[in-house]
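The primary structure of each chain is shown beneath.
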Amino acid sequence: MLQKLKKLLGINDDSKDEILQYEIDLVTDMVLNYCRINEIPDRLENVLLAMCMNYHRAVQAGNEDTPKSVSSVSEGDTSVSFASAYADEENPGMSFLANYTAQLNRFRKAGWQ
């Protein structure tokens, strides 16, 4: 999955392999926990890769030189605000998953919380 993610992100060297593997592991854990399953089904692998790509772009982990996303712009008496990559700052994992719940719910098992 790491090699496929690197191709999708246009990364040609191994300098970010540890960061990308961490992101894959983190997103995998989020999906497994949300769906209450023990392994990722084949039909969810592309969804997982899309989630990893979006997570990587939103967080920009390991890239201190890249500026973080802009939250607002002001010029004169005009101001424009943008939403955060994570709407729920206290629980970013769940708000990140919200974009994918339609696909994930098909694999979610019932359970008690």
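A. Looking closely at the overall build of the protein. If you tally the helices and strands in the protein, you get five helices and two strands. Ordering the α and β elements of the protein from the N terminus gives α-α-α-β-β-α-α. For the protein, with 113 residues in total, the buried portion stands at 32%. The contacts in the protein between residues at least 6 apart in sequence include a share of 61% that link residues at least 24 apart. Put simply, the protein shows about 8000 Å² of open surface, and 48% of that area lies on carbon and sulfur atoms.

B. Structural context of the packing of aromatic side chains. Per the counting criterion, the structure on display carries zero aromatic pairs. Taking NZ or CZ as reference, arginine 108 lies 4.1 Å from the ring centre of tyrosine 34, over its face.

C. Representation of the nonpolar core within the structure. Grouped together as the largest cluster of nonpolar side chains are 26 residues, with contacts concentrated most on Leu5, Val27, Val31, Met51 and Leu104. Contributions of two or more residues to this core are made by helix 1 (2-9), helix 2 (17-35) and helix 3 (45-59). In terms of residue count, helix 2 provides more of this core than any other element does, eight residues in total.

D. How the structure looks around the confidence of the model for the protein. Mean pLDDT over the protein: 79, with 70% of residues reaching 70 or higher. Element-level pLDDT for the protein is lowest in helix 4 (residues 92-98), with a mean of 62, against a maximum mean of 94 in helix 1. The model gives residues 85-91 a pLDDT under 50, and that stretch makes nine contacts with residues more than four places away or in other chains.

E. Quick peek at unusual backbone geometry. With a phi angle near 60°, arginine 36 is a residue other than glycine that sits in the positive phi range. The residue arginine 36 is located in the loop between helix 2 and helix 3 in this model.

F. Summary view of helix 1. Listing the buried residues of helix 1 in full gives Leu2, Leu5, Lys6 and Leu9. Viewed along the axis of helix 1, the buried residues span an arc of 100°, placing them on a single side of the element. Considering only its buried residues, helix 1 is in contact with helix 2 and helix 3. Remark: glycine 10 follows helix 1 within two positions and exhibits a positive phi of approximately 75°.

Conventions adopted
Residues numbered from 1 in each chain as written. Predicted model: local features only at pLDDT ≥ 70, side-chain atom pairs only at ≥ 80, totals over all residues. Heavy atoms only, no water. Helix = DSSP H or I, 4+ residues; strand = E, 2+ residues; numbered from the N terminus. Buried < 20%, exposed > 50% of the residue type's maximum accessible area, 1.4 Å probe, protein only. Contact = heavy atoms within 4.5 Å. Areas by Shrake-Rupley, 256 points an atom, 1.4 Å probe, with all protein chains shown as cover. Phe/Tyr/Trp six-rings, centres within 6.5 Å; stacked < 30°, edge-to-face > 60°. Lys NZ or Arg CZ within 6 Å of the ring centre and 35° of its normal. Core = buried A, V, L, I, M, F, W, Y, C linked by side-chain atoms within 4.5 Å. pLDDT = per-residue confidence, 0-100. Arc of directions from axis to C-beta.

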